[in-house]
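Each chain, letter by letter, is given below.
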Amino acid sequence: MLSKLLIGLLGPALKVLVGKVLDEFCDWLFERLREILRRRRAASLDKAEARAAQADERARRAGTPDEAREQEAVARVWREVAEMFRQENEALKAELEGMRRSADCQAQQTVAALPLEAGRRPAVDAKAGSEP
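Predicted model only: the values in this text are computed from it and were never measured. (Residues numbered from 1 in each chain as written. Predicted model: local features only at pLDDT ≥ 70, side-chain atom pairs only at ≥ 80, totals over all residues. Heavy atoms only, no water.)

*Asks:* Is there a simple way to think about the overall build of the chain in this case?
*Replies:* Counting its regular elements, the chain contains 3 helices and 0 strands. Secondary structure elements of the chain, listed N to C terminal, follow the sequence α-α-α. For the chain, the proportion of its 132 residues judged to be buried stands at 17%. Taking as baseline every contact in the chain between residues at least 6 positions apart, the subset at least 24 positions apart corresponds to 69%. When the accessible area of the chain is evaluated, it comes to approximately 9,800 Å², of which 60% is carbon and sulfur surface. (Helix = DSSP H or I, 4+ residues; strand = E, 2+ residues; numbered from the N terminus. Buried < 20%, exposed > 50% of the residue type's maximum accessible area, 1.4 Å probe, protein only. Contact = heavy atoms within 4.5 Å. Areas by Shrake-Rupley, 256 points an atom, 1.4 Å probe, with all protein chains shown as cover.)

Given below as structure tokens:
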């Protein structure tokens with residue numbers, strides 16, 4: 001009797017608290033993941049752009065027109081690689097945001113299913129057909 005009363009009184013507050021903790025944890029986790037991905041993507045992008053700049057510089061210093069054309073082609077390829085990194089970065093950002101939204105939804109559903117209300121039995125007991 002006392003346990004049902006306590007669950008009835010404290011259950012809704014506990015659900016709110018657990019929900020907030022899960023939300024904050026998910027936000028923290030996904031922010032860390034975003035930062036890790038951002039650093040790695042930036043490093044790859046910077047390398048590709050630096051290689052393009054180096055090839056441009058070699059093209060300017062080339063001794064022959066053929067060498068200049070060759071280095072310009074190399075620079076073009078590195079710029080294309082950099083653009084591919086940019087596009088991949090945008091796709092990864094969108095995918096990560098979708099995962100965050102899905103995790104938030106799943107966390108909300110899990111919290112809503114917590115048996116923290118008076119008269120509510122845990123789902124495991126209900127499936128097994130046992131009495132509390």
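*Asks:* Please clarify how the environment of Ala107 should be interpreted in this entry.
*Replies:* With respect to the helices and strands, Ala107 occurs in helix α2 (residues 65–112). Linking Ala107 and Lys20, residues 87 residues apart in sequence, is a C-alpha distance of 10.0 Å.

*Asks:* What is the right way to read the side chain of Asp104 from this model?
*Replies:* Looking at the secondary structure, you find Asp104 in helix α2. You can call Asp104 buried: its relative accessible area is 15%. Once residues within four sequence positions are removed from consideration, Asp104 is found in contact with Asp23 and Cys26.

*Asks:* Honestly, the UniProt feature "coiled-coil region" (unreviewed entry) in the chain in this entry has me stumped. Any pointers?
*Replies:* Mapped onto the present numbering, the UniProt feature "coiled-coil region" (unreviewed entry) falls at residues 82–109. From the first C-alpha to the last, residues 82–109 spans 41 Å; its make-up is 100% helix and 0% strand. (UniProt positions renumbered as here; feature names shortened; annotations may be inferred.)

*Asks:* Would you explain the pattern of salt bridges in this entry?
*Replies:* Side-chain pairs of opposite charge can arise whenever the charged atoms involved come near each other. Inspection of the entire model under this criterion finds 14 salt bridges. Glu35 is paired through a salt bridge with Arg39; the nearest N and O atoms lie 3.7 Å apart. Pair noted here: Glu35 and Arg39 are both in helix α1 (residues 2–61), with a separation of 4 residues, about one helical turn. Judged by its relative accessible area of 47%, Arg39 is partly exposed. Its salt-bridge partner being Arg61, residue Glu57 comes within 2.7 Å of it at the nearest N-O pair. (Salt bridge = Lys/Arg side-chain N within 4 Å of Asp/Glu carboxyl O.)

*Asks:* Just to check I follow, could you spell out a nonpolar patch on the surface for this structure?
*Replies:* The grouping of Leu9, Leu10, Leu14, Leu17 and Val21 at the surface amounts to a nonpolar patch, some 480 Å² of accessible area in total. You can see Leu9 is positioned in helix α1. (Patch = residues over 30% accessible without salt bridge, like charges linked within 9 Å, V, L, I, M, F, W, Y side chains within 5 Å.)

*Asks:* I would appreciate a short explanation of the confidence of the model for the chain in the present structure.
*Replies:* Any region with low pLDDT has predicted coordinates that should not be read closely. Of all residues in the chain, 82% have pLDDT values of 70 or greater, and the mean over the chain is 83. Per-element mean pLDDT across the chain ranges from 46 in helix α3 (residues 123–128) up to 91 in α2. Of the regions scoring below 50 in pLDDT, residues 124–132 engages in 5 contacts with residues more than four places distant in sequence or in other chains. (pLDDT = per-residue confidence, 0-100.)

*Asks:* What should I look at first to understand α2 in this one?
*Replies:* Each turn of an α-helix holds 3.6 residues, which means side chains three or four residues apart point in the same direction. The end-to-end C-alpha distance of α2, which contains 48 residues, comes to 70 Å, matching closely the 70 Å that a straight helix rising 1.5 Å per residue would cover. Within α2, the full set of buried residues consists of Ala68, Gln71, Ala75, Ala82, Asn89, Leu96, Arg100, Asp104, Ala107 and Val111. (Expected span 1.5 Å × (residues − 1).)

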